[in-house]
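Read off the chains here:
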Protein chains: 2
Amino acid sequence: MNYSLKFRVGFHSTKENKPKTFIDAQVPGAVQLDYAKAKNLSPYYYADNYKDYEWMEDVYWTYKSEFNYPGLENNKSCWLVAKGIDFKYEIALNGKVVLSGEGMFTPIEINIQKFLKTQNELAVIIYPVPKVQGAPKGRRQAAETTKPAVSYGWDWHPRLIPSGIWDDFFLAYRPDNFIIESVLDYELVPEKKQAEVNLKVKTNKAGSYKIRWKLIDSDNQVILEKLVPVSETNVLIEDTISNLSLWWPHDHGEPCLYHNQVELLDSEQQVVHEKNDKVGFRSVELVMNDGAWKKPDEFPKSRSVAPAQLKINGRKIFLKGTNWVNPDIFFGKIDEKKYKTHIDLALKANYNVLRIWGGSIINKESFYKYCDEKGILVWQDFPLACNNYQNDRSYMQLLEKEATSIIKRLRNHVSVILWCGGNELFNSWSGMDDQSHALRLLNVLCYKYTPRLPFIATTPLMGMGHGHYIFRDEDTGEEVFQWMRTAKMTAYTEFGMPGPSDINTIKMFMPENEFFPPKRETSWETHHAFNAWTEDTWLCNKTLAHYFGPAATLEELIENGQFLQAEGLKFIYEEARRQKPYCAMALHWCFNEPWPTAANNSIINWPDTPKPAYYSAAAACRPVLASAAFEKFVWRENELFQAEIWLLNDSYKKIPDDELNVFIEFNDKRIHLLQWHYKSPAPDENI
Amino acid sequence: MNYSLKFRVGFHSTKENKPKTFIDAQVPGAVQLDYAKAKNLSPYYYADNYKDYEWMEDVYWTYKSEFNYPGLENNKSCWLVAKGIDFKYEIALNGKVVLSGEGMFTPIEINIQKFLKTQNELAVIIYPVPKVQGAPKGRRQAAETTKPAVSYGWDWHPRLIPSGIWDDFFLAYRPDNFIIESVLDYELVPEKKQAEVNLKVKTNKAGSYKIRWKLIDSDNQVILEKLVPVSETNVLIEDTISNLSLWWPHDHGEPCLYHNQVELLDSEQQVVHEKNDKVGFRSVELVMNDGAWKKPDEFPKSRSVAPAQLKINGRKIFLKGTNWVNPDIFFGKIDEKKYKTHIDLALKANYNVLRIWGGSIINKESFYKYCDEKGILVWQDFPLACNNYQNDRSYMQLLEKEATSIIKRLRNHVSVILWCGGNELFNSWSGMDDQSHALRLLNVLCYKYTPRLPFIATTPLMGMGHGHYIFRDEDTGEEVFQWMRTAKMTAYTEFGMPGPSDINTIKMFMPENEFFPPKRETSWETHHAFNAWTEDTWLCNKTLAHYFGPAATLEELIENGQFLQAEGLKFIYEEARRQKPYCAMALHWCFNEPWPTAANNSIINWPDTPKPAYYSAAAACRPVLASAAFEKFVWRENELFQAEIWLLNDSYKKIPDDELNVFIEFNDKRIHLLQWHYKSPAPDENI
């Protein structure tokens, strides 16, 4: 049984000072949101209001909760459970410090029974946000922490650094003996639908107990039941299961799950504690791409590229998906409903994978549960992005603690199929390399706890590509249609296409007098339309003017920009698919956004409005579709129009012989160009 | 005190059978050599005699030794110590099996006291050599073992697979309590010549003892002395040392060593056991090459190359060296004298590094000791080469055991500065990749035991180059002068240049009637002059004919071939040096050879005769030298001869202003081309 607490919060300039006043706190949440609500501040996302929040980074915040002694049954004691405190903290009960720590991804469980009185006061002191001493303002300040770097400012994220209790926090009443951890592991032979399973259970106390373990399928049939007497605190139960229904990503089969029930029984056969979760069975490999061994073919010979072809249950899966960023600046606000809304959008876009980008948080449990249930693959970055995370002793200790917590939590989710050390770490702007201790440590920990899951140190690796992030290079005149046709990557793990937001999103944050024409040093700039990366991004005025001439209205500008975004994005997805089987992944940058932007590579506006590019991406990712490859965007009278016509097929189902008709439209005319009677392609084969 | 044993050996067809006869055995040695000696066989290296040894792979061999009960002092017991048994074995004393195992790099120490009688019989049964079931004859048979793959046949090594006791084997009389292990570790601040040192000592038995630890410099000054009482079996002693004399590779300073003495004292302050070794202090980093971060510069962006610039004590060191292969087919024959002869040759060649190639053995202790003493850097491959070592459970267990033994032994040697998973594993002919469990495991183990040493999964990595191995490509006409000028690698970690052996070497193994002209299906072929790699390698008849026309005699052929080898090799070393600082390593393939070859890339003929290329390599590797870069080998009348003139400088010493005179010689004429008054180059700078 769990018991929620009500909190109030206040700030203070030094650790020793107490807050002068306390205000109501929302838990989980963020101190900034509590303060803004109490003071009735104008929204942080309006204009440049976010700048008013900067002082909150550098003060202490104390949460306070008063509660009476909880009525406990016999043989129970009271535990304090916190799933995530952001970031450095001290917890005191009735004036006594019960825990000091740091790390927002490491859960806390403390037996507080001996500290309890009739009336209790719990205090959680949050330290100022971590910053590398002497580093310039921005992401470099996050280079010695596991706190997401994005909060320190990015080309699509303002500098606004949340603090506070960002995940569940409650009291739990636990029996004398209970299950601390139960870990199901298995070695699967997918073609036989057979697995050697083992369950490792760790309990609180040695003694004369029993563990009852059940696996129950979706028809409520018990497919495994074991009752094992326990004397030590560590128990290992092994068995072999046959006739399994495998877990598949949604576009390749059913994401079958089993109910996994682990019960602890006392000497009178009473269940004193139980753990319940959903498990699935699948194998994962990351193997060499088709044709990748053929290179290098000249002397001196270097190595072949890094493997980038995913196999699930022995089957090659072309990964179509996107890069997931925090759907809100304030992690504490992100809840199950938000996750489900966004994951449902990803499903409707025909995506089978989400890469959880390393600048973001590790998501809460409800995210991974829903991915398990819906058959969405999860590529999980560790929280390192675009920095040189050095071999500093205290950072390495923090990373080891946090990474261990992350791995031990996420290994229970069948949807998690790839670990990645972090974002763009082997590029000049980060400056890490294969010898970086942080990445060697992550490899060590992943191998230790999840040896059957692939680990990559970062993305891009050799052969993979990030970018480009524009429709047209205004210096060279090169368009996406040209660079994508010449690029030959094993995996496009990030590619972007910027577009302006719709008018309703813009109205959320922009004063009306700034609407048109878009100008520097207005909300257009603070919301990333200018100077986000280059001076002209992400609005890309020059490119819009090149194709459409000057826009007369805001609506026209938005329509033009969103049209380019939709067309560019569609082309990249389809071209990446045409490059299959050498190419094995197409992941767009980026799916969502943490606040309302003026222009951005996202295809979902904050909080959850799809842009036109969302629909073009969804169309481009259909398992079977007709596709045209052409070499440029604009065609004029008297030019010879040329295109390749493809049938793209990522499906393993039989596609019957059929015909495909090609039309061209211009000046309101529609001309039938050709009829192609195609023969049934092989599974997963393009023709 | 140690006690040697005399052995006899015999073979048998099944494990249960006993040998019919026993012959004298040399330990360390190899069963093949014992058998050949007893039967007075013609040398294995003569003609194709090695084929007569093949049956010996597939039988059991039993070593037998009879000895009386050793007279032991009080409180001592008798231990059996074996430093290396090749490969799978069972040890029985007086009919009782005391150990079964496999793995030639894992030492054995067994307390046999309780098994001893007045008269004793020790038996060591060697199993048939390990082979992957169903694999074709050749190196593929070695893909599930740590036994060196080279023995199974290579392009410069016959198929001849040694078996037996290949390193020291003796009885040791040990006190009641003794030092099992003492490990010195340190964190060095090289610019301060200061180190935080710690010594971890593991003893046999808890109790009331003391550890006395001394570090003594080369002038016999004690720079550290600690006396620490012991109660547990694990002791940690820490201290900080200043004014250290750092260990440097011989071409950058003195390879300073300290005597490290660890004594175990009993309650009466008597030394009951001690360990003595030589230690040095140096830091090692593998960092990005100068200019390497500038790439990639186009979209989509992949990663930058892998770091390949070594730093010792914070100083960039251009690595000049070679790939070391077994200097003998029979590992058991390799002794300290052999090692010293070869390492002395490497020193005289101005080499500062030896890469111990992954197809070979891990060398015996005397090798690393001499490298420590002489200031030769050691790049150590693990025993994986050109195979796909799969994630097979029993192989992984063997690899973990062997690699742990290798790391724990070699970490005590200051000369060992780089771990490498093995040879060319990320190339098509091996088929391993970043996800291979064997390589992830090696990274884990290296990080666990030697976190301060760099680890690379294999060579080549991204940016590094292997090859080419010929002077001229007879299909394209391209010469080494062209491909080396266009190659731009971070490190040339293998490049070869074949040449025939001298007449005396050839006489060792070739019947006189085969001498001239060289023909296929003679000793020329069995000794690698033909069909070793391509049909024409390693003699390269077509290339010789191209430059010199048909040779009239064997002597002329050898002279021409050795001339090309010397010139080609010299050019590669110098061109790699010219490409500094982006390029940071030049390692030739290969230094030595395991038996007398007819033609090979080696520059030392078996057993230890330098070829002319040895001297040209030595000249090309002088720290400071004048060098000419030209674009082809042959220049004819009326052609414009062009060359770049360089002063190559790998030294950190001040090179004074001076003049350099360039001459050209032809038709016995010598013409002075130019006089260059150069200004003193910066340390480590070419001009």
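Predicted model, so just to flag it, every value in this text is computed and none were measured.

Enquirer: Can you lay out the pattern of salt bridges for me, pointing to particular residues and giving the numbers?
Expert: All names here are of chain B. Taken as a whole, this structure holds 74 salt bridges over all chains when the rule is applied. Its salt-bridge partner being Lys 15, residue Glu 90 comes within 2.7 Å of it at the nearest N-O pair. Of this pair, Glu 90 sits in strand β7 (residues 88-93) while Lys 15 sits in the loop between β2 (7-12) and β3 (23-25); the two residues are 75 residues apart in sequence, bridging distant segments of the chain. On the basis of relative accessible area, Lys 15 is assigned to the partly exposed category, the value being 22%. With a closest N to O distance of 3.2 Å, Asp 328 and Lys 333 form a salt bridge. A residue is classified by how much of its surface remains accessible, and Asp 328, at 4% relative accessible area, is buried. By relative accessible area, which is 38% here, Lys 333 ends up partly exposed.

Enquirer: I'd love a proper account of the sheet that holds strand β21 (residues 309-312) of chain A, names of residues and values included.
Expert: Residue and element names in this part refer to chain A. What the 3 strands build is an open sheet, ordered β20-β21-β22; its pairing is antiparallel. Single-partner strands in this sheet number two, and they are β20 (284-287) and β22 (315-317). The mean inter-strand angle of the sheet, taken between neighbouring strand axes irrespective of direction, is 35 degrees. Across 3 bridges, the pairing between β21 and β22 is antiparallel. Opposite Lys 311, over in β22, you have Lys 316 as the bridge partner.

Enquirer: Can you break down the pairing of β7(B) residue by residue, with the values?
Expert: Residue and element names in this part refer to chain B. Within β7, 5 of the 6 residues are buried, leaving the element largely enclosed by the surrounding structure. The loop that links β7 with its antiparallel partner strand β8 (residues 96-102) comprises 2 residues; one of these, Asn 94, has a positive phi angle of about 50 degrees. In this sheet, strand β10 (residues 119-126) lies alongside β7 in antiparallel orientation, the contact comprising 5 bridges. Looking at the pairing, Glu 90 lines up with Ile 125 of β10.

Enquirer: Can you explain the packing of aromatic side chains? Please cite residues and give values.
Expert: All chains considered together, the criterion is met by 103 aromatic pairs over all chains. Ring plane angle 85 degrees and centroid distance 5.2 Å describe the contact between Trp154(A) and Trp357(A), whose orientation is recorded as edge-to-face. Linking Trp154(A) in the loop between β10 (119-126) and β11 (164-165) with Trp357(A) in the loop between β24 (353-356) and α3 (365-374), this pair joins segments that are 203 residues apart in sequence. With a centroid separation of 6.1 Å and an interplanar angle of 40 degrees, the aromatic rings of Phe563(B) and Phe633(B) are classed as tilted.

Enquirer: Now, about the relation of the copies chain B and chain A: what can you tell me, with residues and values included?
Expert: Mapping chain B onto chain A calls for a rotation angle of 180 degrees and an axial translation of 0.0 Å; the resulting RMSD is 0.0 Å. Taken together, the rotation angle and the small translation identify this as a two-fold axis. Taking C-alpha positions as reference, the residue of chain B nearest the rotation axis is Val444(B), located at 2.6 Å. With an isologous cut-off of 70% or more, the 100% of interface residues of chain B that recur at the interface of chain A puts this contact in the isologous class.

Enquirer: Run through the pairing of strand β12 (residues 169-175) of chain B, naming residues and quoting values.
Expert: Residue and element names in this part refer to chain B. Among the 7 residues in β12, 7 count as buried, and that is most of the element. With 3 bridges connecting them, strand β1 (residues 2-4) and β12 associate as antiparallel partners. From the neighbouring strand, Tyr 3 faces β12, where its bridge partner is Leu 171. Relative to β12, strand β5 (residues 76-82) runs antiparallel, the two sharing 7 bridges. Note that in β12 the partner of Ser 77 across the bridge is Arg 174.

Enquirer: With reference to specific residues and values, describe the interface of chain B and chain A.
Expert: Across the boundary between the two partners, chain B contributes 52 residues, which contact 52 residues of chain A. Regarding the contact of chain B and chain A, the summed buried area is about 4,100 Å², with carbon and sulfur atoms giving 57% of it. Here chain B and chain A share 4 salt bridges between them. Taken together, chain B and chain A are joined by 24 residue pairs in polar contact (both at pLDDT 80 or more). Elements that contribute at least two residues to the side of chain B that touches chain A include exactly α4 (393-410), α5 (437-449), β27 (455-456) and β28 (464-466) of chain B. Here the side of chain B that touches chain A gets 7 residues from one element, more than from any other, and that element is α5(B). Within the side of chain B that touches chain A, the residues separate by chemical class into 31 nonpolar, 13 polar and 8 charged.

Enquirer: Outline a nonpolar patch on the surface, supporting the account with residue identities and numerical values.
Expert: All names here are of chain A. Together, Phe 641, Phe 666, Ile 671, Leu 673 and Leu 674 give the surface a local cluster of nonpolar side chains, amounting to about 410 Å² of exposed area. Take the nonpolar patch: its biggest share by element is 3 residues, from strand β38 (residues 669-678). With respect to the secondary-structure elements, Phe 666 resides in strand β37 (residues 658-666).

Enquirer: So what's going on with the environment of Trp595(A)? Residues and values would help.
Expert: All names here are of chain A. Residue position: Trp 595 is located in the loop between β31 (585-589) and β32 (599-600). Given a relative accessible area of 0%, Trp 595 falls into the buried group. It is 6.6 Å that separates the C-alpha atoms of Trp 595 and Tyr 45, two residues lying 550 residues apart in sequence. For Trp 595, the residues in contact, after removing those within four places along its chain, are Tyr 44, Tyr 45, Tyr 50, Trp 156, Pro 158, Ile 329, Thr 526, His 527, His 528 and Trp 606.

Enquirer: Describe the environment of Gly477(A), and please don't skip the residues or the numbers.
Expert: Residues and elements named next belong to chain A. Among the structural elements, Gly 477 can be located in the loop between β28 (464-466) and α6 (480-486). By relative accessible area, which is 26% here, Gly 477 ends up partly exposed. Through-space distance from the C-alpha of Gly 477 to that of His 546 is 10.0 Å; in sequence the pair is 69 residues apart. With residues up to four places along the chain from it excluded, the contact list for Gly 477 reads Arg 472 and Gln 482.

Enquirer: A description of the sheet that holds strand β29 (residues 491-496) of chain A should follow, citing residues and the corresponding values.
Expert: Residue and element names in this part refer to chain A. Reading across from one edge, β27-β26-β25-β24-β23-β31-β29-β28 is the order of the 8 strands in this open sheet, with parallel pairing throughout. Edge strands, defined here as strands with exactly one partner in the open sheet, are β27 (455-456) and β28. When β24 meets strand β25 (residues 377-381), the two strands line up parallel, connected through 4 bridges. Among the inter-strand pairings, Leu 354 is bridged to a residue of β25, identified as Val 378. Taken strand by strand, helix α10 (residues 554-578) contacts β23 (319-324), β29 and β31, and its axis lies near 175 degrees from that of β29.

Enquirer: Tell me about the side chain of Ser501(A), and please be specific about residues and values.
Expert: Residues and elements named next belong to chain A. Looking at the element boundaries, Ser 501 is found in the loop between β30 (499-500) and α7 (503-509). Judged by its relative accessible area of 0%, Ser 501 falls in the buried class. Polar contacts involving the side chain of Ser 501 include one to the side chain of Asn 605, which spans 2.8 Å. Excluding anything up to four places from it in sequence, Ser 501 contacts Ile 506, Ile 558, Gln 562, Thr 597, Ala 598, Ala 599, Asn 605 and Lys 611.

Enquirer: Talk me through the state of the cysteines; I want residue IDs and the actual numbers.
Expert: Going through the model one piece at a time under the given rule, you end up with 0 disulfides over all chains. Here Cys386(A) stays unpaired: no disulfide links it, and the sulfur of Cys420(A), its closest cysteine neighbor, is 11 Å away. Residue Cys386(A) is classed as buried on the basis of its relative accessible area, which comes to 5%. The structure places no disulfide on Cys621(B), whose sulfur is separated from the nearest cysteine sulfur, that of Cys583(B), by 12 Å.

Enquirer: How would you summarise the side chain of Asp536(B) if you had to cite specific residues and measurements?
Expert: All names here are of chain B. Structurally, Asp 536 can be placed in the loop between α8 (523-526) and α9 (541-548). No salt bridge is formed by the buried Asp 536; its nearest oppositely charged neighbour, Lys 542, is found at 5.4 Å. Beyond its immediate sequence surroundings of up to four residues, Asp 536 is in contact with Ala 529, Asn 541, Lys 542 and Thr 543.

Each value, and the rule that gives it
- Residues numbered from 1 in each chain as written.
- Chains lettered and ligands numbered in written order.
- Predicted model: local features only at pLDDT ≥ 70, side-chain atom pairs only at ≥ 80, totals over all residues.
- Heavy atoms only, no water.
- Salt bridge = Lys/Arg side-chain N within 4 Å of Asp/Glu carboxyl O.
- Helix = DSSP H or I, 4+ residues; strand = E, 2+ residues; numbered from the N terminus.
- Buried < 20%, exposed > 50% of the residue type's maximum accessible area, 1.4 Å probe, protein only.
- Pairing = 2+ DSSP bridges.
- Axes fitted to C-alpha atoms, helices over the stretch in contact; angles between N-to-C directions.
- Phe/Tyr/Trp six-rings, centres within 6.5 Å; stacked < 30°, edge-to-face > 60°.
- Least-squares fit on C-alpha atoms with pLDDT ≥ 70 in both.
- Contact = heavy atoms within 4.5 Å.
- Buried area = accessible area lost by both parts, 1.4 Å probe.
- Polar contact = N/O pair within 3.5 Å; in protein donor to acceptor, adjacent residues only side chain to side chain.
- Nonpolar A, V, L, I, M, F, W, Y, C, P; charged D, E, K, R; others polar.
- Patch = residues over 30% accessible without salt bridge, like charges linked within 9 Å, V, L, I, M, F, W, Y side chains within 5 Å.
- Areas by Shrake-Rupley, 256 points an atom, 1.4 Å probe, with all protein chains shown as cover.
- Disulfide = S-S within 2.5 Å.
- Lys, Arg positive; Asp, Glu negative; His and termini not counted.

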